[in-house]
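# Report on the structure
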Amino acid sequence: MTIDNEFELVKQWIAGRQENGQGDPELEALLIDAYQNGEHKISNGCNLVNELRWPWPRHPACVVHDRLYRLKAGRSYADRMMRRLNGYFGRPGRAWIRWIGVRLGGWWVYDRL
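Parameters and conventions
- Residues numbered from 1 in each chain as written.
- Predicted model: local features only at pLDDT ≥ 70, side-chain atom pairs only at ≥ 80, totals over all residues.
- Heavy atoms only, no water.
- Helix = DSSP H or I, 4+ residues; strand = E, 2+ residues; numbered from the N terminus.
- Rg over C-alpha atoms; globule rule 2.2 N^0.38 Å.
- Buried < 20%, exposed > 50% of the residue type's maximum accessible area, 1.4 Å probe, protein only.
- Contact = heavy atoms within 4.5 Å.
- Areas by Shrake-Rupley, 256 points an atom, 1.4 Å probe, with all protein chains shown as cover.
- Lys, Arg positive; Asp, Glu negative; His and termini not counted.
- Charge placed at Lys NZ, Arg CZ, Asp CG, Glu CD.
- Axes fitted to C-alpha atoms, helices over the stretch in contact; angles between N-to-C directions.
- Parallel < 35°, antiparallel > 145°, perpendicular 65-115°, else oblique.
- Left-handed = near helix turned anticlockwise from the far one by under 90°.
- Nonpolar A, V, L, I, M, F, W, Y, C, P; charged D, E, K, R; others polar.
- Phe/Tyr/Trp six-rings, centres within 6.5 Å; stacked < 30°, edge-to-face > 60°.
- Lys NZ or Arg CZ within 6 Å of the ring centre and 35° of its normal.
- pLDDT = per-residue confidence, 0-100.
- Core = buried A, V, L, I, M, F, W, Y, C linked by side-chain atoms within 4.5 Å.

In this section: the overall build of the chain. Along the backbone of the chain there are 6 helices and 0 strands. Scanning the chain from its N terminus toward the C terminus, one meets helices and strands in the order α-α-α-α-α-α. By the compact-globule yardstick of 13 Å for 113 residues, the chain fits well, its C-alpha radius of gyration being 13 Å. In terms of principal-axis extent, the alpha carbons of the chain reach across some 35 × 30 × 25 Å. A total of 113 residues make up the chain; the buried ones form 42% of that total. Residue pairs in contact within the chain that sit at least 24 positions apart in sequence constitute 63% of those at least 6 positions apart. About 6,600 Å² of surface is accessible on the chain, with carbon and sulfur atoms providing 55% of the total. Each charge class in the chain was averaged separately, 17 positive and 13 negative side chains, and the resulting centres sit 6 Å apart.

Right, dumping it as structure tokens:
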């Protein structure tokens, strides 16, 4: 059995948040679903944004966002969850900047999936 280090890191992050009383069941369920279904292996990550401090080119917030777009879960919902996930991963300022970006340009991608 191959260990998926990217998924393992996400699971460790979730466990740490839960241990500190900062878990968010809704966001954690979205993360687990996206990674269990291999979205991180096909996601292109955060378009036009470099993730220098994350060990893989795809930040988990963007992996979930890509999955929600692919599932046509609703563009507004997907964009809101990406914003919340950026905050969950300790990036509240970046969360709003990315949210503005996907609200302005995400329609183009969402309509083509």
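Between helix 1 (residues 5-19) and helix 2 (residues 25-36), the least distance of the axes is 10 Å, while the angle of their chain directions is 165 degrees. One way to sum up the angle between helix 1 and helix 2 is to call them roughly antiparallel. As for how helix 1 packs across helix 2, the hand of that crossing is left-handed. Together, E6, F7, V10, K11, I14, R17 and Q18 of helix 1 and E28, L31, I32, Y35 and Q36 of helix 2 make up the contact between the two elements. Of the residues that constitute the contact of helix 1 with helix 2, the class distribution is 6 nonpolar, 2 polar and 4 charged.

Turning to the packing of aromatic side chains, a few remarks are in order. Applying the stated criterion to the full structure yields 4 aromatic pairs. Each ring, one from Y88 and one from F89, has its centre 5.4 Å from the other, and the planes form 75 degrees; the classification is edge-to-face. Here Y88 matches F89 in class, with each residue buried. One aromatic cluster is present, formed by W13, Y88 and F89 through successive ring pairs. One cation-aromatic arrangement involves K11 over F7; the distance from NZ or CZ to the ring centre is 4.4 Å. Here the basic side chain of R17 rests over the ring of Y88, its NZ or CZ set 4.5 Å away from the ring centre.

Residues with a pLDDT of 70 or more make up 91% of the chain, whose mean pLDDT is 88. Across the chain, element-level confidence peaks in helix 2 with a mean pLDDT of 98 and bottoms out in helix 6 (residues 92-110) with 82.

One finds L31, Y35, V64, L68, L85 and Y88 to be the most contacted residues of the largest nonpolar core, which totals 23 residues. Looking at this core, the elements with two or more residues in it are helix 1, helix 2, helix 4 (60-70), helix 5 (75-88) and helix 6. Looking at this core element by element, the count peaks at 6 residues for helix 4. In contact with Y88, other than residues within four places in its own chain, are W13, I14, R17, Q22, D24, L27, E28 and L31.

Counting buried residues along helix 4, 10 of its 11 residues qualify, which places the element largely inside the surrounding structure. The complete set of buried residues in helix 4 reads P60, A61, C62, V63, V64, H65, D66, R67, L68 and Y69. Structurally, helix 4 contributes buried residues whose contacts are with helix 1, helix 2, helix 3 (39-42), helix 5 and helix 6. Taken from the residues just after helix 4, K72 is the one with a positive phi, measuring 55 degrees.

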